[in-house]
Structure formats: structure tokens, C-alpha cells
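Chain by chain, the residues:
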Amino acid sequence: MTAKTSKKVKNYVAQFFLLIASVFFLAPFIWMVSTSLKALDQVYTFPPEWIPNPFVWQNYVDAMDYIPFFTYLKNTVLITGFSTLGVVLTCPLVAYSFAKLNWKGRDSLFFITIAVMMIPGQVTMIPLFLLFEKLNWIGTALPLVIPAFFGVPFYIFLLRQFFLGLPNELKDAARIDGAGEFRTYWQIMLPLAKSAVLAVGLFQFMAAWTDFMGPLLYLTEPGSYTLSLGLQQFQSQKGTQWGLMMAVSTMMTLPIILLFFFLQKTFIQGITFSGIKG
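Residue numbers restart at each chain and count upward from 1, following the sequence in its written direction. Two thresholds apply to this predicted model, a pLDDT of at least 70 for residue-level local features and 80 or more for giving and counting side-chain atom pairs, whereas whole-chain, interface and lining totals are computed over all residues. Based on all heavy atoms of the structure, the side-chain values leave hydrogens and waters out of the count.

**Q** Would you take a moment to explain a nonpolar patch on the surface for this structure?
**A** What makes a patch is a set of residues exposed beyond 30% relative accessible area and free of salt bridges, joined within 9 Å when like-charged and within 5 Å when nonpolar (Val, Leu, Ile, Met, Phe, Trp, Tyr). The protein chains shown are the only cover counted for residues, whose accessible areas, like all others here, come from Shrake-Rupley with a 1.4 Å probe. In what follows, salt bridge is the name for a side-chain nitrogen of Lys or Arg lying within 4 Å of a carboxyl oxygen of Asp or Glu. Taken together, the side chains of Trp103, Leu109, Phe111, Ile112, Val116, Ile119 and Val123 define a hydrophobic patch exposed on the protein surface, amounting to about 660 Å² of accessible area. Secondary structure is summarised from DSSP: a helix means a run of H or I of at least four residues, a strand means a run of E of at least two, and numbering begins at the N terminus for each. Tracing the backbone through its elements, the reader meets Leu109 in helix α5 (residues 106–117).

**Q** Please clarify how the packing of aromatic side chains should be interpreted in this entry.
**A** Two aromatic rings, taken as a pair, are described by how far apart their centres are and by the angle between their planes. For this analysis, a ring pair means two rings from Phe, Tyr or Trp (six-membered ring only for Trp) whose centres lie within 6.5 Å, classed as stacked if their planes differ by under 30 degrees, edge-to-face if by over 60, and tilted for the remaining angles. Considering all chains together, one arrives at 19 aromatic pairs under this definition. On the numbers, 5.7 Å between centres and 20 degrees between planes, the contact of Phe132 with Trp137 is stacked. On the accessibility criterion, Phe132 (6% relative accessible area) is buried. Exposure is judged per residue with a 1.4 Å probe applied to protein chains only, and the accessible area is read against the type maximum: over 50% gives exposed, under 20% gives buried, and values in between give partly exposed. Using a relative accessible area of 21% as the deciding quantity, one classes Trp137 as partly exposed. A centroid spacing of 6.1 Å and a plane angle of 50 degrees characterise the contact between Phe182 and Tyr185, whose relative ring orientation is tilted. Pair noted here: Phe182 and Tyr185 are both in helix α10 (residues 181–192), with a separation of 3 residues, about one helical turn. Within the aromatic cluster, the residues linked to one another by ring pairs are Tyr96, Phe162, Phe163, Phe182, Tyr185 and Trp186. By definition, being over a ring means that NZ of Lys or CZ of Arg is both within 6 Å of the ring centre and within 35 degrees of the ring normal. For Arg160, the ring lying beneath its charged end belongs to Phe110, and the centroid distance is 4.0 Å.

**Q** In this structure, what is going on with the nonpolar core? I would like to understand it.
**A** The tendency in soluble globular proteins is for nonpolar side chains to be buried as a group. By nonpolar core we mean a set of buried residues, namely Ala, Val, Leu, Ile, Met, Phe, Trp, Tyr and Cys, connected to one another through side-chain atoms within 4.5 Å. By size, the foremost hydrophobic cluster in this structure holds 22 residues, and its most contacted members are Val87, Cys91, Leu159, Phe163 and Val200. Among the elements of the structure, α4 (69–100), α8 (153–164), α10 and α11 (194–209) are those that each provide at least two residues to this core. Residue contacts are counted whenever heavy atoms from the two residues lie within 4.5 Å of one another. Beyond its immediate stretch of four places on either side in the chain, Val87 contacts Pro92, Ala148, Val152, Tyr155, Val200 and Gln204. Core analysis: the next-biggest nonpolar cluster, separate from the first, contains 20 residues, Ile67, Tyr72, Ala247 and Met251 among them.

**Q** Looking at this structure, I do not really get the pattern of salt bridges. What am I missing?
**A** Any two side chains of opposite charge can pair if their charged atoms end up close together. Per the counting criterion, the structure on display carries 2 salt bridges. One salt bridge in this structure joins Arg106 and Asp107, with 3.4 Å as the shortest N-O distance. A salt bridge links Glu181 to Arg175, with the shortest nitrogen-to-oxygen separation between them at 2.7 Å. Take Glu181: its relative accessible area is 33%, and that puts it in the partly exposed class. With relative accessibility at 45%, the residue Arg175 sits in the partly exposed group.

**Q** Sorry, what's going on with the environment of Leu159 here?
**A** In this structure, Leu159 sits in helix α8. Linking Leu159 and Leu244, residues 85 residues apart in sequence, is a C-alpha distance of 41 Å. Excluding anything up to four places from it in sequence, Leu159 contacts Cys91, Pro92, Ala95, Ala196, Val197 and Val200.

Any link to function would need more than the numbers given here.
Now the structure itself:
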């Protein structure tokens, strides 16, 4: 067997196993969508039927009528949008400072930033709650939004790795042309890091969209609930109505899938060029 033939065989084997793995990953989502379109008696049939007969689109209407879906959707969009904006504005700026600027205490502060990543969220949960309570933020969306404007350690680390890969000659050339540090960052370095910044934004969007613990801790009024809390409320009261519950789950999951589908190329580039690759 020639080297070329051996390489082709390895590619075919790899593609085969990837195809098998994709089936396992897709099966739960397909089953969720299928169940969301079934009548209740069809959900319990054995052997399971993957294709609903008939398609019960009324499940989506009933699910949205049972909970104030559009109110929860609006709250989720606002919280997710502002927290993503905060991360996209602040994390690249801090990461650029760690990667390209020389200032006293930079390495020590970066070490502290990395160390913060190792602290479990359960350790800081109570101190943060007490802090936000002192600020009278409990019952509002501020605890879910404002921290994002102060940077997230993992995103800072991710973007720093990207900025380290950009040549210093670009910064030196901009300085010769009379550009200051912020102008160099904003007009030269940041556009080159667009794929990494978009990847970070996608990470934050998914984290904020699916966040359950944060809204559970800080949101006290039903009118300010997010979709994750609405789904939990629906489960506790209509847990046996699997068609309706899967309809709500599908509507909550679909925006993330669509966003990743349209931005997958940028997402993969951002991860690869940031140095986190297999």
C-alpha cells in the first residue's frame, strides 16, 4: 500500500467515525424536536416513533400561552445582549494590554487573572450575593450584566493568546506614523482580532442565554424572569406534558444553534488562532 493510498484510507476511517459521532450528538436534538410535535399519547408509544403522525404544531402555541414566553424572551435577549456587549468591549482591551504593553506589575496581575479562573463559582457565590445585596441590585438584572463590563478571566486569556501572535512590527509602524496606543489598538490590532473577538462573543452569548443559576439567585419578580427560569417553571407545573415541554426547549435552543451555524467558520478560526487547538 502506497503512502497516498494509506492516507486516503485513514481519511475515510476518520470520516466514518466522525459520521457515527455526529449521529450520537444529533440524536437528542432530533428527538427533542420530534417530541415537541407529537400528541401526548404518541410520546409513550413503543417502539418510539421518530416522525410525528400527525404533526401537532399546536404544542408551540399552547406552550407560549402557558407562560409569558415573549416577556421571558425579551428579558433574556436584553441580559444576553448587554452582557455580550460588555465582554466584547472590555476583554479585548485588557488582553491587548497584557500582550502588547509593558507596564509595572503586568505579569503579576496576569498571574492573578489566571488564578481567578481556578476558583469554583460556588466559592464566590455567597460573597457576590452579599455584595450585590449591599448595592441594592437584588431583584434587577444588574448582577447579570455589570460584571461582564469588568472582564472575564477566561476570555482575557483567550484573546491575549491571539494578540501575542500578532507581529510587534505593526505596532511599531503605527507608532512611527504618529498613532497613539489606543488608536493602534482600535484601528489596527482589534480588526485583526475580529475572529477571536467574535468567538468570545459567541461563548458569552451561549453562557448568558442558557444561564440558570444567575437568574435564579438575583431575579425575584416573575416579570423579570428569563427563558431558563421559565423553562424550570414550566417543568415544575407541566412536567408530564412532554410535547409542550419539548416545544419550549426547542424554542430556547434554536437561537444558539442558528447563531453557531452561521458563525461556525469565524468561531473555529478564533479558537484555532488563539492557540487553543488540539
